[in-house]
Structures are given as structure tokens and as C-alpha cells.
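So you can see what is in the structure, the chains are spelled out below.
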Amino acid sequence: MEYTQLGRTGLKVSRIVLGTMNFGPQTNEADSHTIMDVALGAGVNFFDTANVYGWGENKGRTEEIIGTWFAKGGDRRDKVVLATKVFGNMGSDGADWPNQDRLSALNIRRAVDASLRRLQTDHIDLYQFHHVDRTTPWDEIWQAVDVLVQQGKILYAGSSNHAGWHIAQANETARRRGSYGLVSEQCLYNLAERRAEMEVIPAAEAYGLGVIPWSPLQGGLLGGAIRKEREGTSGRSVESLANTKVREQVQAYEDLLDKHGLAPGEVALAWLLTRPGVTGPIVGPRTADQLGSALRAVELKLSDEVLAGLEGIFPGPGPSPEAFAW
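Quick caveat, the model's predicted, so the values are computed rather than measured.

Enquirer: Can you break down the overall build of the protein residue by residue, with the values?
Expert: Helices and strands together make up the secondary structure of the protein, namely 12 helices and 10 strands. Its C-alpha radius of gyration of 20 Å places the protein within 12% of the 20 Å reference for a compact globule of 326 residues. By principal-axis analysis of the C-alpha atoms, the protein measures approximately 55 × 55 × 40 Å. In the protein, which comprises 326 residues, the proportion classed as buried is 50%. For the protein, contacts bridging at least 24 residues in sequence account for 76% of all contacts bridging at least 6.

Enquirer: Pulling in residues and values, what's your account of the layout of surface pockets?
Expert: Quantified by volume, the largest pocket comes out at close to 1,300 Å³. What lines the largest pocket is a set of 44 residues, among which Leu217, Gly219, Gly220, Gly284 and Arg286 lie closest to the centre. Among the residues making up the lining of the largest pocket, the classes are represented as 14 nonpolar, 22 polar and 8 charged. Here the second largest pocket defines a volume of roughly 260 Å³. Taken together, 15 residues make up the lining of the second largest pocket; nearest its centre are His162, Leu188, Arg195, Ala196 and Val200. Mapped by element, the contributors of at least two residues to the lining of the second largest pocket are α6 (164–177) and β8 (182–188). Top element by residues in the lining of the second largest pocket is β8. It accounts for 3 residues.

Enquirer: Which residues make up the side chain of Thr20, and what values go with them?
Expert: Take Thr20: it is sitting in the loop between β3 (17–19) and α1 (29–41). You can call Thr20 buried: its relative accessible area is 0%. Only 2.8 Å separates the side chain of Thr20 from the backbone oxygen of Asp48, close enough to count as a polar contact. Discounting chain neighbours no more than four positions away, the residues touching Thr20 are Asp48, Thr49, Tyr53, Thr62 and Ile66.

Enquirer: Describe the pattern of salt bridges, with residues and values.
Expert: Applying the stated criterion to the full structure yields 22 salt bridges. As a salt-bridge pair, Arg195 and Glu193 come within 2.9 Å of each other at their nearest N and O atoms. For Arg195, a relative accessible area of 59% corresponds to the exposed category.

Enquirer: Go over helix α9 (residues 244–260) with me, naming the residues and quoting the values.
Expert: Given a rise of 1.5 Å per residue, 17 residues ought to cover 24 Å, and the 25 Å separating the end C-alpha atoms of α9 matches this to within 8%. Among all positions of α9, only Val250, Tyr253, Glu254, Leu256 and Leu257 are buried. Considered in projection along α9, the buried side chains sweep an arc of 155° and stay on one side of the axis. Residues of α9 that are exposed and point over 90 degrees away from its buried face: Thr244, Lys245, Glu248 and Lys259. Following α9 by one or two positions, Gly261 has its phi on the positive side, about 70°.

About the criteria used
- Residues numbered from 1 in each chain as written.
- Predicted model: local features only at pLDDT ≥ 70, side-chain atom pairs only at ≥ 80, totals over all residues.
- Heavy atoms only, no water.
- Helix = DSSP H or I, 4+ residues; strand = E, 2+ residues; numbered from the N terminus.
- Rg over C-alpha atoms; globule rule 2.2 N^0.38 Å.
- Buried < 20%, exposed > 50% of the residue type's maximum accessible area, 1.4 Å probe, protein only.
- Contact = heavy atoms within 4.5 Å.
- 1 Å grid on protein atoms, 1.4 Å probe; cavity = no way out; pocket = protein on both sides within 12 Å on 5 of 7 lines; lining within 4 Å.
- Points joined across faces, edges and corners; volume = space filled by probe spheres on them.
- Nonpolar A, V, L, I, M, F, W, Y, C, P; charged D, E, K, R; others polar.
- Polar contact = N/O pair within 3.5 Å; in protein donor to acceptor, adjacent residues only side chain to side chain.
- Salt bridge = Lys/Arg side-chain N within 4 Å of Asp/Glu carboxyl O.
- Expected span 1.5 Å × (residues − 1).
- Arc of directions from axis to C-beta.

Next comes the structure, spelled out in C-alpha cells:
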């Protein structure tokens, strides 16, 4: 496994991030534990989750599964860089009750303590804001974060699904307060969805944030979708293939990789690992076998010919403002 530092921090993390969103809804507890064992054994030390994972009446279940894995003992917790998120409504009765979601100081305080209980740990390494809260000022958010850091409940703060200007606003406020600010941004970014290159990734690089792409296979579209469609094993990506332009791009993508004897899913991950500012993509395996494919991507070195071919099929938007102006 290869490692890199998370943004401007001294924290070393694996270049593949284990996403746990399927733990509970798609993968039972025993199999989830097996996947985490395999990941840790392969050197993956960066695990990502969120308080709402499990979803609906089962929200929080994913954190509980990770917690029971930690409770097995050994050095599991010491080896893992643990990231979770806050924003979504965690009300137990399903009612839209005030202060059970978003990023108020009150909800942040309550949400951290609840996550720590479910995760069966005394601290969270990376606490991420799952979405922008347009109603809470950054001064309040950083006040809450600073208290949690002082208490030892969290070490770093990160963002997810934030625009470039949100990152700038957050870290300029942190700078003014003498706070450390955001150290990572978790955003939608892959070969087929490159809008983050316009402003989000440049902002992250300018402020020293590590970029953690989610949905690196664009919902399975970049994992051999047309081949799987022919085999009758396609998933939700088949809906995207109904778009003629998308189908033509994906067909060209699969043809290019067939020519070079490469696996589509592994190439999509390997391509992200070549991108400036990217710490590592999040992979969300439902089985240990799916994790193995992701691990191979770290060792895959793409030739200049393949990289040029990928750029021709999935061109980026270009930097801002040139992407929409002169």
C-alpha cells in the first residue's frame, strides 16, 4: 500500500479510502468485519463513514458495525485513521425536531458524543461536515470544533460537498480565529464528472486540503457498465447508458481499455490517483472480492498513451474562469 499525507497535515493515510456506506444496508455485520480485516491487512488505514449511514430507521447502524469491530480488540483502533461526518437529521423518532441536524454548535456537540458511543472509541480522527449549512456562521462552527479538539474528541475537521468559495470562507474564518481550519474536502469527482476541477480542487490545493473523491466509478458507470449490461449483471448505471452521448463515451472508454488489457474499474481509480491534490478515492465494497480490485488500482501505472486516450474521451472542464469565460 502507498501512503500520503492528508493535505497540509502530518497525518499519513492510505491512497485508497475504505468507504463503509454499504455496511448494514447491503453488507451484514460479519461480512463488514471481514472487509475491514482484509483492508487493514492490506495496509488500508483510512476508513470513512457518516453518522447517517444505515439510513432511515437504521441510521447510525454503520457506525455501530465499525464500533463492534473495534471492540474485538487488538490494535485495530490504533491503526485506523477514522473519519465520520455530521449534518443529516439523526432524530430517533423520525420527526423534524429542531437542532437534530445541520452544524449548529449544539448539534455538533450532541452528534460527536453520539458517534463516539456508536463507534466505541474515545476520539474521531477526521470529523467532516457532510454538507454546507447556509444557516450557521463559520465562527460558530469553528468555536464548536475548537472545543472538541481541546477535549480530545476530534483531531481534524474536513468538509464534504462544499464549493470552492465555501472552502475559502471556512478557512479564512479559521485563520482569523487562530483555528486550524479544514484539512480535507470529500467531493464528487471521477473521469465522467470533472466539474470539481474548476474551483473546488484549486481551492483545496490553495488552502492545503486533501481531496477525497467519492463515487469514483460514477455509480458503476466506469466499472465496465456496457460489458455488464451485455452479461445481464448491470446495476443502476444502466439508466445512465440510456443517454446516447454517455453510452458513446463509455463504449469508447471500454474499447480503449480492452485494447490495453486493462480493467475499467481499476483504471478509473488509478486515474484519480494521478490527479493533483487527490489523497485517495473512497471505495465502497460490498464484498472482500470487490475490495481486492480496488487494491490493485494502487499498483497500476497508466501509460501516457492511456492517459491521453482517457482525456480525449472524458475531457475536463478546464480551470475557472477560463472554463466559462476567456
